[in-house]
Amino acid sequence: MNIELCWHGRGGQGVVTANEILAETAVREGNYVKAFPEFGPERMGAPIRAFTRISSDPIKVHSQVYAPDVVIVLDPTLVGKVKITAGLKKESVILANYPGTSAELQKALQTDVRCYAVDATRISTEEIGKPMANTSMLGALVKVSPMVSFSSLEDQMTTKFTGKLPDKVIVKNLSALKRAYTEVN
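Read on for a plain summary of the structure. (Residues numbered from 1 in each chain as written. Predicted model: local features only at pLDDT ≥ 70, side-chain atom pairs only at ≥ 80, totals over all residues. Heavy atoms only, no water.)

Right, let's get into the pattern of salt bridges. Counting across every chain of the model gives 13 salt bridges. Between lysine 89 and aspartate 69 there is a salt bridge, with its nearest N and O atoms 2.5 Å apart. Taken as a pair, lysine 89 in the loop between β4 (70-73) and β5 (93-97) and aspartate 69 in the loop between β3 (47-55) and β4 lie far apart in primary sequence, 20 residues in all. Using a relative accessible area of 26% as the deciding quantity, one classes lysine 89 as partly exposed. Aspartate 69 sits in the buried class, given a relative accessible area of 19%. By sharing partners, the salt bridges in this structure join Asp119, Arg122, Glu126, Glu127, Arg179 and Glu183 into a single network. (Salt bridge = Lys/Arg side-chain N within 4 Å of Asp/Glu carboxyl O. Helix = DSSP H or I, 4+ residues; strand = E, 2+ residues; numbered from the N terminus. Buried < 20%, exposed > 50% of the residue type's maximum accessible area, 1.4 Å probe, protein only.)

Right, here's the structure in full:
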């Protein structure tokens, strides 16, 4: 396996946390990983990116991802505002937190690559009680591009949040993860 991802979101939305959880899960499954954010002195709410490389072989590339296999968009307001489709290959996939259908997302992005939409904001609001879409997006991600197992992802989320969040909040995040996995289209 060799997969490269580019994450788009806004400061404070949990892009970095989602990237870390995915990376930690991939390592737990025996893969090599490079995962890092790209941001400077941006303020809360400013557009940011993060990158992930997952491989069954050692990774020797240390730059940002220029030709992603998967693009994940956590903030639907970025659709049409940032260059989400930059560097995409014909076989690339876009997964977005988007209230419309996958076809509507594809049209909004003016792209021919496969697009998947999931209303992660709605899911997280209903399941967690606030519009924090990062854990929901992880569930949808492993459904559309199963680079790690869903059960490993659940285990890693539990491990990462234990001691940092109350148990009931962890359960709510796991519920959002499962629901997005089911609802992505």
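From this point, the narrative continues.
Between helix α5 (residues 150-161) and helix α6 (residues 167-183), the least distance of the axes is 10 Å, while the angle of their chain directions is 155°. With respect to α6, the axis of α5 lies roughly antiparallel. Relative to α6, α5 is oriented so that their crossing is right-handed. Across the interface between the two elements, Phe150, Leu153, Glu154, Met157, Thr158 and Phe161 from α5 touch Ile170, Asn173, Leu174, Leu177, Lys178 and Tyr181 from α6. (Axes fitted to C-alpha atoms, helices over the stretch in contact; angles between N-to-C directions. Parallel < 35°, antiparallel > 145°, perpendicular 65-115°, else oblique. Left-handed = near helix turned anticlockwise from the far one by under 90°. Contact = heavy atoms within 4.5 Å.)

What follows is about the pairing of β3. The two faces of a sheet get side chains in turn, since along a regular strand they alternate between them. Counting buried positions over the 9 residues of β3 gives 7, a clear majority of the element. Here 9 bridges tie strand β1 (residues 2-10) to β3, and the two strands are oriented antiparallel to one another. Note that in β3 the partner of tryptophan 7 across the bridge is alanine 50. Here strand β2 (residues 32-38) runs beside β3; their pairing, made up of 7 bridges, is antiparallel. Residue proline 37 lies in a different strand from β3, and its bridge partner there is alanine 50. (Pairing = 2+ DSSP bridges.)

Coordinates in, geometry out; function isn't part of it.
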